[in-house]
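Structure at a glance
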Amino acid sequence: MLKIIIKEGENIERALKRYKRKHRNIKVMQNLREAQFFTKPSVKRRREIQKAEYIQNIRDQEDL
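So, here's what we can say about the structure. These numbers were taken from a predicted model, which means no experiment stands behind them. (Residues numbered from 1 in each chain as written. Predicted model: local features only at pLDDT ≥ 70, side-chain atom pairs only at ≥ 80, totals over all residues. Heavy atoms only, no water.)

The helix and strand inventory of the chain stands at three helices and zero strands. For the chain, whose C-alpha radius of gyration is 18 Å, the value lies well above the compact-globule estimate of 11 Å for 64 residues. Each principal axis of the C-alpha distribution contributes one length, and for the chain these read about 50 × 40 × 10 Å. By residue count, 3% of the 64 residues in the chain fall in the buried class. A total accessible area of about 6700 Å² is found for the chain, and carbon and sulfur atoms account for 53% of it. (Helix = DSSP H or I, 4+ residues; strand = E, 2+ residues; numbered from the N terminus. Rg over C-alpha atoms; globule rule 2.2 N^0.38 Å. Buried < 20%, exposed > 50% of the residue type's maximum accessible area, 1.4 Å probe, protein only. Areas by Shrake-Rupley, 256 points an atom, 1.4 Å probe, with all protein chains shown as cover.)

Structure representation (structure tokens):
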């Protein structure tokens, strides 16, 4: 469970922004979505390889 301690005089929007950042960083929603359905290990591995290839292509294009 996430806890955000609001400091005295702190703006509520700023505290909400901190909450959203923490929520995104621990990947709560992503883990829940992944747990809904079983994915085969071979499919997970294929996705990882595709993601790595995509990132590598972007980096190669930046180097040009």
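Turning our eyes to something else, we now look at the pattern of salt bridges. Overall, the coordinates contain two salt bridges when judged by the stated rule. Put simply, R45 and E48 hold a salt bridge, and the shortest N to O gap is 3.5 Å. Placement of both R45 and E48 in helix α3 (residues 41-63) is noted, with a separation of three residues, approximately one turn of the helix. (Salt bridge = Lys/Arg side-chain N within 4 Å of Asp/Glu carboxyl O.)

It is worth spelling out unusual backbone geometry at this point. At K27, a position not held by glycine, the phi torsion is positive, near 60 degrees. Counting through the fold element by element, K27 comes out in the loop between α1 (12-25) and α2 (28-36). In this structure K27 comes out as partly exposed when scored by relative accessible area, which is 44%.

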